[in-house]
Amino acid sequence: MTGAPPVVEAHGVRLRPFRASDIADLVEGCADPLSQRFVSSMPAPYTEVDAHWWVEAGAPAVWAGGGAAYAIADPATDRLLGGAGLSNPVPGRSQAEIGYWLRPAARGHGVATAATRALSEHAFGAGTLRLELLTELENAASQRVALAAGFRYEGLRRSAGQRRDGGRHDLLTWVRLADDPPGPTPRLLPDLPDGVLTDRVVALRRLAPDDAEMMYGLHSRPEVVANQAPPVPPTPEAIERRCRLAESAWLTGDIARLLIVDVATGEPAGSCGLSYTEVTSGEASIGYALLPRWRGHGHATRAVRLLADWAFGLAGIARLTAGTVPENTASHRVLERVGFQREALLRGRLPGLAGARLDDLTFALLPADLR
């Protein structure tokens, strides 16, 4: 581009070119472990020499190549808060990729969302029609920024990211179009109110990475394995990944995974989950499992009731289903106590072992059925 890049002031942030006075803050932000972890293109370690190169040559080169390299600044003090930019422009598609980073002191205050909104609107005003924001699967904070800035989850881009060691990893793609409505993107699975559902006997909270050991112990138990399809025990690695990516799976709308906690002791009692079976009709399915010491005390019934109440209320789901092994009478009793009704025996619906097929006894719950 010719001339100085335009300054953008919107949503409580200022986007301006980088300056020599930004060097110290630039080093602090780019050398921070979180920036180093999620922005693999940053030199590691990041030094004052790298910062000078960026201000004097790197950022101007981005502008010259048709992208954008903005400093995010506090409008009141003009101090550097982070950086935001546009890269990988595809003029034939009127498309570009948007990205950002923040100094540690600027995180958690809505700065990334504000900068992403401001830069998106400026790009759309300049003729861009489609913006992509790519996030790592573990970077739930950036995924929340994407949603808050009006981007919609579009899918998994396999092996699209490059690690510092030369390896590849998947990225999630979030997209905003020029004619998308303003404001945050509505979510299929909203957050729990205050992060928890509770009836003061049991509590449900989102699954977390630290729950992996307990979850493996639960879901590798023979009686739990026997009631899933196919009845194959999970690996520790699969359970660790499930817990590590639980927040991301919730944000993309794939599945809400929750830990069931006994309120009196604070100990984990089991797990449950909810996922859409058909978004257009508002139907979702649930599943649950308890550790042996907590069975027979009503914890599963309470957990399913709490989950159903959240589903029909805040999540806006119209119908819940639960598939069970026909012989699992204990699970049937849990569902019936909540108000689920038996609907159908689906013969040979599920995969078993060695090519066998398993029957699926299906229960369903409507809002008026909830006890």
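The structure this text deals with has already been given above.
Residues numbered from 1 in each chain as written. Predicted model: local features only at pLDDT ≥ 70, side-chain atom pairs only at ≥ 80, totals over all residues. Heavy atoms only, no water.

1. Some thoughts on the state of the cysteines
Under the definition given, this model contains 0 disulfides. Of all cysteine sulfurs in the structure, the one in Cys272 sits closest to Cys243, which takes part in no disulfide; the separation is 13 Å. (Disulfide = S-S within 2.5 Å.)

2. A short note on the packing of helix 1 (residues 23–31) against helix 3 (residues 48–64)
It is the contact of helix 1 with helix 3, at a shortest axis distance of 9 Å, that shows an interaxial angle of 115°. By the criterion of interaxial angle, the relationship of helix 1 to helix 3 is roughly perpendicular. The hand of the helix 1/helix 3 crossing is right-handed. Between helix 1 and helix 3, the contacting residues are Ile23, Leu26 and Val27 on the first element and Glu48, Ala51, His52, Trp54 and Val55 on the second. (Axes fitted to C-alpha atoms, helices over the stretch in contact; angles between N-to-C directions. Helix = DSSP H or I, 4+ residues; strand = E, 2+ residues; numbered from the N terminus. Parallel < 35°, antiparallel > 145°, perpendicular 65-115°, else oblique. Left-handed = near helix turned anticlockwise from the far one by under 90°. Contact = heavy atoms within 4.5 Å.)

3. Description of the pairing of strand 10 (residues 202–206)
With 2 bridges connecting them, strand 9 (residues 197–198) and strand 10 associate as antiparallel partners. Bridge pairing links Thr198 to Ala203 in strand 10. Sheet topology places strand 10 next to strand 11 (residues 256–262); 5 bridges connect them, and they run antiparallel. Looking across to strand 11, one finds that Ala203 is bridged to Val261. (Pairing = 2+ DSSP bridges.)

4. A closer look at the side chain of Thr252
Inspection of the secondary structure puts Thr252 in helix 9 (residues 246–252). Judged by relative accessible area, Thr252 falls into the buried class, the value being 11%. Engagement of the side chain of Thr252 in a polar contact is seen with the side chain of Asp254, the distance being 3.1 Å. If near-sequence neighbours (up to four positions away) are discounted, Thr252 is found in contact with Tyr153, Leu172 and Trp174. (Buried < 20%, exposed > 50% of the residue type's maximum accessible area, 1.4 Å probe, protein only. Polar contact = N/O pair within 3.5 Å; in protein donor to acceptor, adjacent residues only side chain to side chain.)

5. Structural notes on the sheet that holds strand 2 (residues 13–16)
Where strands meet in a sheet, backbone hydrogen bonds hold them as pairs that are either parallel or antiparallel. Strand order in the open sheet made by the 8 strands is 1-2-3-4-5-6-8-7, with mixed pairing throughout. The open sheet has two free edges, formed respectively by strand 1 (8–10) and strand 7 (152–162), since each of these has just one partner strand. Taking the axes of each pair of neighbouring strands and ignoring which way they run, one obtains an average angle of 30° across the sheet. Pairing geometry for strand 4 (residues 80–90) and strand 5 (residues 95–102), over 7 bridges, is antiparallel. Looking across to strand 5, one finds that Ser87 is bridged to Glu97.

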